[in-house]
Amino acid sequence: MKAYLEALWANRYTTALVAVLVLIAGVAAFEALPRSVFPSVNFPRVSVLVSDGYLPVHVMLVRVTEPLEQAAKGVPDVTLVRSTTSNGLSKIHVFFNGAITPNEAYLLLEARLGQVVLPPASHMSVRLMMPSIYPFAEYALVSQKETSSAMMPTYAFTLKPRLLDVPGVYTVASIGRGWPEVHVDLSLRSLISHHLGLSRIVALLRAHQGPYFGGVMAGFHDSFLLTAAGRPATVAALGRLPVPLGGARGATVPLSALAHIAVGPPPRVRGAAVAHHAHSLLIEVAAQAGANVERVARGVARALASLRHGLPRGVRLVRDYDLSRLIVASLHDVWVALILGTIITFAVLLAFLRRFDTALATLVVVPLSLAGTFVILHVLHLGLNIMTLGGITAAIGALVDHAIVVIEQATHAHAPGTISERRFRALRAAGEVLPMMTFATLTSALVFVPLIFLSGTIGILFRQMAIALVTALVVSQAVALSVTPLLAAYLAGRERRAPKAWRPARRARVAYARALRRGLRTPAMGVIASLAILAGAYGIYRILPTAFLPSWNEGVIAVPFRTAVGSSASQTLSVGRKLVAIAARDPAVATTSVVVGESLGNPRATPNKGDIVITLKSRASAVATMRLLGARFRAAYPSLSMLKLHQLMVTQLGNLSGAHDPLDVEVFGHSASVLAVYARHLKAQLAMSHRFANVTFATSSAGPAITMTPRTRAQQEGLTPPLLGAQLMAGYWGVPAGYLLRGAQILPIAVSTSPAGGMTGDLRPRLFVHAPSGPYAPLSAFARARTRRRVPVITHQNLVPFADIEIRPHRAMGLSQAAALARRLIAKTPLPPGITARIGGYYKEQVKSFAQMELTLVLALLVLLVLVGYQLGGQRAALAVLVATSLSALGALAALWLRGIPLDSTSFLGLLLVFAIVVNNGILIFGQARHYKNPPGRIEVELAARRRLRPILMTMAADVLGFLPLAVGVGHGTDLLKPLATAVMGGLILALAASLLIGPMLYMAFSRPPRS
């Protein structure tokens, strides 16, 4: 070490140049790092969506869902297959274990599912669940006159190409009623008078969907392409299309004489609305994986600003929400907390060191370490998000600790001498502590390495935090080995007077010396105190409420709701508009919108399902607003079958991980119909307990259905079921019969026998049906109608039918307590044989994450025991250090309990951070004692503890007060880190007594060396 430090001093100017280059590279890397709220990672989950018009639910189950389920279950490393089957829609979620990467899982699953033969009209999409599939911004084209269908060309041909041209944009999608179509509304009276049937009109239109290839003709040195029967170019040309009437004369009649032809919106299966506007077309923009969302959002905003002046008259472009603002605000809040913590740390160092240049030199390690960390994050293709910034912020205390220890050790002595002599003594003193500190830093870094290998949602979220933290620790140690000794030598070479000792500090040192001496003479008291502290920690751990992740204020609220089963999309949109109007009147609300027939994360949903997105004004409380709006919504529409209020990012995280609610009761059985009966009974029992905030039966209905069974007359007159279905479609929906072209726009042709065109919403007994070998007659003459009010959605989990009951605990109740209560209530509710129930939801992820974090804490203590034992040359000192370190858990848990913060995964991370910081105190104390004598006795331990009192007080005070801005909460962006900071502060406060007093007492109790 002596030779190394001499060489370092000889090359001090080169080292300074390297430090400057690292700072420059760090600034460049910081600018290049992508920004986001959560890490841009892939979840081990693939979502499969298959749509097939309105194929009945049981047909979808047999022909689509079950073959795909069986194929997915055969893919290697698949752990869970969950499916939902509704009319014309199958949703399958496939979960993988950690033995395979998400990208490999996606490719394997897509290859296996591609071998399944699906119905011809079905469309399948396979998506790997990652944050980039969700839009970061939503805009809207709004108008008081133009419908959303009329605004589709503006979106498709003006806005979408320009947005896709913005670097970093992944997808651009629209939510509205859909493209306009050509409605051919046939007159029933004209059809009867001309003896025409629907099939002849549809066949005629489809026959004119040319041009048809007629070959190639060569002539005049040219090659001519021959085509025949091109499609009509305009709606007017379509109306002039001659319809043969039959007979010997070959008479014809134009189509316009038989039908009213006009361009209009399609039947409403989806819709969207924005507050204060009659018509709206929502535009969702998603960023590419790993893109800088903040930069992409600025590019999108500039692109749309350049297009606003070219919009059609009466059409405006407004912003609904932009999550990049949340990203900027959250990261800004974390930076503010970090800077404030650094300023507070500087003030603490100045108070202890009482010299401005020394305190300032101690903080030089922070920008250098941050710069090096940013460079490595850039090389590892990571970004700046709440998790990585949280890891860097958590490591700040350790960064400053390194500099404090080295500089305090090097500048402690004030012996006179020349500048060279003082610098030589400073380097020699630094050399005494650098090996111990290097080993202690590597030990701390190894404690966090297991976090990188955590599985599940918590592993995905915390992996980047652990990488950032370990990187910062390693980089800071590199700075401590290179730059910090040079700073210490420079400071030692400057003339200075020894600061006058403060009387309170002198009294505190004397009181500590007396207490330490007394404690070392009665070491059994240390064992008793340790047992009492550990018992207290376990008691608080048992009663502390638990949560999966901390609650935080996003400023964007998602409100999924369901109207009564059987409601049409128009009815649901009408309810959604009124709910949006209620929300818009709240002074905390900035913008609000609603979509129907589509849900967050799913491009298709039942007509009775809608989603409202509410953006709050800056600094408005999301929790208070959700509570207030929830009460208003329920008062306005008490008949809603489902109403939830979440924050948007939490909802997206639930969609990515597959856990949508705090608690789910999953009820399994062999029959879907029997299962639904008993699941509703269990839901009623849970709700009647009045112990939960809300209990909902989540397995919904696909809606009512009417089945038309042909009579004997239909068979006699050649009216087959396909022909009957086509005429029913014409009467209530519209039969597709080709399309027209309007420039680059495709206009589908829908033939209808309904007077109003499109879906009417009722089964009119006056609907007349035409049989091929007979006249027109009422529908009732050809078919019998059977109505089913509820067609249940069929849900499977690993090929077994199951029903889902969602439970929302009260705010004061932790997830563990709520799950225990739900289990007791389920045990009291008799279920028939073959039907079982279990708890899922966020609680399942919490149990998994807590088990992993507890195992990580145990492994960390064991690793520390081994490494500290090697460093201190024996297990007795290592055991004393580890027991004293573990005592800080009481302080961390007590701080959470006193502040009313639930125990979550970030709290466990804070506890791990406390262990990593506190263990260094023990290493430095007993390492100093071994420097006096090996093995050390009571006097050596006492001298070492008194020698390390000042630096330990300095580092602990700097760490505790440095985390104060995060614990208090500087803005909403620090909410996720508040439990971590609170646990760290509480643990470090108790760690002072544990490290300085109980640790030495335990060493004496374990070793009992002879008095020296």
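Preceding this paragraph is the structure being described.
What counts, and at which threshold
- Positions within a chain are numbered from 1, following the residues in the order the chain's sequence is written.
- The model is predicted, so local features are restricted to residues of pLDDT at least 70 and side-chain atom pairs to those at 80 or more, both for listing and for counting; the totals for chains, interfaces and linings are taken over all residues.
- The basis for every side-chain value is the complete set of non-hydrogen atoms in the structure, without hydrogens or water.
- Exposure categories follow from relative accessible area, calculated using a 1.4 Å probe and restricted to protein chains: below 20% of the type maximum is buried, above 50% is exposed, and the middle band is partly exposed.
- Strands here are runs of E lasting at least two residues and helices are runs of H or I lasting at least four, both read from the DSSP assignment and numbered beginning at the N terminus.
- Stacked, tilted and edge-to-face pairs are distinguished by plane angle, under 30 degrees for stacked and over 60 for edge-to-face with tilted covering the rest, among Phe, Tyr and Trp rings (Trp via its six-membered ring) whose centres lie within 6.5 Å.
- When a carboxyl oxygen of Asp or Glu lies within 4 Å of a side-chain nitrogen of Lys or Arg, that pair is called a salt bridge.
- When charges are counted, neither His nor the chain ends are considered; positive counts come from Lys and Arg and negative counts from Asp and Glu.
- Polar contacts, as counted here, are pairs of nitrogen or oxygen atoms within 3.5 Å of one another; within protein the pair requires one atom able to donate a hydrogen and one able to accept it, and residues that are adjacent in sequence qualify only if both atoms are side-chain atoms.
- Whether two residues touch is decided by their heavy atoms; if any such pair falls within 4.5 Å, the residues are in contact.
- Every patch collects residues that have over 30% relative accessible area and no salt bridge, joining them within 9 Å if they carry like charges and within 5 Å if they are nonpolar side chains (Val, Leu, Ile, Met, Phe, Trp, Tyr).
- Shrake-Rupley sampling with a 1.4 Å probe provides the accessible areas, and residues are treated as covered by the protein chains on show and by no other component.
- In this text, buried Ala, Val, Leu, Ile, Met, Phe, Trp, Tyr and Cys residues form a nonpolar core when linked through side-chain atoms within 4.5 Å.
- To get an axis, a line is fitted to the C-alpha atoms, and for a helix only the part in contact is used. The angle between two axes follows their N-to-C directions and goes from 0 to 180 degrees.
- Working definition: roughly parallel below 35 degrees, roughly antiparallel above 145 degrees, roughly perpendicular at 65 to 115 degrees, and oblique for all remaining angles.
- Under the convention adopted here, Pro, Cys and the residues Ala, Val, Leu, Ile, Met, Phe, Trp and Tyr are nonpolar, Asp, Glu, Lys and Arg are charged, and Gly plus all remaining residues are polar.
- Pairing between strands is defined by DSSP: at least two bridges between them are needed.

(A) Region of interest: helix 20 (residues 648-657). A large share of helix 20 lies buried, amounting to nine of its 10 residues. Turning to helix 20, its buried residues are Leu648, Met649, Thr651, Gln652, Leu653, Gly654, Asn655, Leu656 and Ser657.

(B) Structural view of the packing of aromatic side chains. Summed over all chains, the structure comprises six aromatic pairs. Ring geometry for Phe668 and Phe802: centres 5.7 Å apart, planes at 25 degrees, overall stacked. Residue Phe668 is located in strand 21 (residues 663-668), and its partner Phe802 is located in strand 30 (residues 800-808); the two are separated by 134 residues in the primary sequence. Judged on exposure class, the residue Phe668 and its partner Phe802 are both buried. Between Phe926 and Tyr1003 the ring centres are 5.1 Å apart and the planes differ by 50 degrees, which places this aromatic pair in the tilted class. Remark: Tyr1003 occurs in helix 32 (residues 978-1007) and Phe926 occurs in helix 29 (residues 905-932); sequence separation between them is 77 residues. On the basis of relative accessibility, which here comes to 3%, the residue Phe926 falls in the buried class.

(C) Structural view of the pattern of salt bridges. Here the structure, examined in full by the defined rule, presents nine salt bridges. The shortest N-O distance in the salt bridge between Asp586 and Arg632 comes to 3.1 Å. Placement of Asp586 in the loop between helix 18 (569-584) and strand 17 (589-596) and of Arg632 in helix 19 (residues 622-636) is noted, with a sequence separation of 46 residues between them. With relative accessibility at 5%, the residue Asp586 sits in the buried group. You can call Arg632 partly exposed: its relative accessible area is 35%. Put simply, Glu717 and Arg713 hold a salt bridge, and the shortest N to O gap is 3.1 Å.

(D) Highlighting the side chain of Glu138. Relative to the assigned elements, Glu138 resides in strand 5 (residues 137-143). Despite its burial, Glu138 remains without a salt bridge, the nearest opposite charge being carried by Arg270 at 10 Å. Looking at Glu138, its side chain comes within polar contact range of the side chain of Ser593, at 3.4 Å. Ignoring anything within four residues of it in the chain, the contact list for Glu138 reads Leu282, Ile283, Glu284, Arg319, Asp320, Tyr321 and Ser593.

(E) Spotlight on a nonpolar patch on the surface. A cluster of nonpolar side chains, contributed by Leu17, Val20, Leu21 and Ile24, occupies part of the molecular surface with about 380 Å² of accessible area. With respect to the element layout, Ile24 can be found in helix 2 (residues 12-32). With relative accessibility at 52%, the residue Ile24 sits in the exposed group.

(F) Quick peek at the nonpolar core. Formed by 196 residues in total, the largest nonpolar core has its most connected members in Leu141, Val300 and Phe448. Each residue touching Leu141, except ones within four places of it in the same chain, is listed here: Met151, Thr154, Tyr155, Leu159, His279, Ser280, Leu281, Ile283, Leu311, Val315, Arg316 and Leu317. Listed in part, the 28 residues of the second largest apolar core include Ala569, Leu573, Leu579 and Ala620.

(G) Main features of the packing of helix 26 (residues 842-872) against helix 29. Two numbers describe how helix 26 lies on helix 29: the axes approach to 11 Å, and their chain directions differ by 10 degrees. The orientation of helix 26 with respect to helix 29, classified from their angle, is roughly parallel. Of helix 29, the residues touching helix 26 (which contributes Ser849, Phe850, Met853, Glu854, Thr856, Leu857, Ala860, Leu861, Leu864, Val868, Gln871 and Leu872) are Ser905, Phe908, Leu909, Leu911, Leu912, Phe915, Val919, Ile923, Phe926, Gly927 and Arg930. For the contact of helix 26 with helix 29, the residue count by class is 16 nonpolar, five polar and two charged.

(H) Structural view of the sheet that holds strand 7 (residues 181-186). Reading across from one edge, 12-7-25-24 is the order of the four strands in this open sheet, with mixed pairing throughout. Each edge of the sheet is formed by a strand with only one pairing partner; in this case those strands are strand 12 (259-264) and strand 24 (735-742). This sheet shows a mean twist of 25 degrees between the axes of neighbouring strands, independent of strand direction. Alignment of strand 24 against strand 25 (residues 745-752), held across six bridges, turns out to be antiparallel. For Leu740, the partnering residue across the bridge sits in strand 25 and is Leu747. On top of the sheet, helix 23 (residues 721-732) reaches strand 24 and strand 25; it is set at about 55 degrees to strand 24, its chief contact.

(I) How the structure looks around the sheet that holds strand 15 (residues 315-322). With respect to topology, four strands assemble into an open sheet ordered 6-14-5-15, the strand pairing being antiparallel. The strands lining the two open edges of the sheet, one partner per strand, are strand 6 (169-175) and strand 15. Shown here is a sheet whose adjacent strand axes are inclined to one another by a mean of 20 degrees, direction ignored. Relative to strand 15, strand 5 runs antiparallel, the two sharing seven bridges. Counterpart to Ala137 in the pairing with strand 15 is Asp322. On top of the sheet, helix 5 (residues 152-164) reaches strand 5, strand 6, strand 14 (279-287) and strand 15; it is set at about 165 degrees to strand 6, its chief contact.

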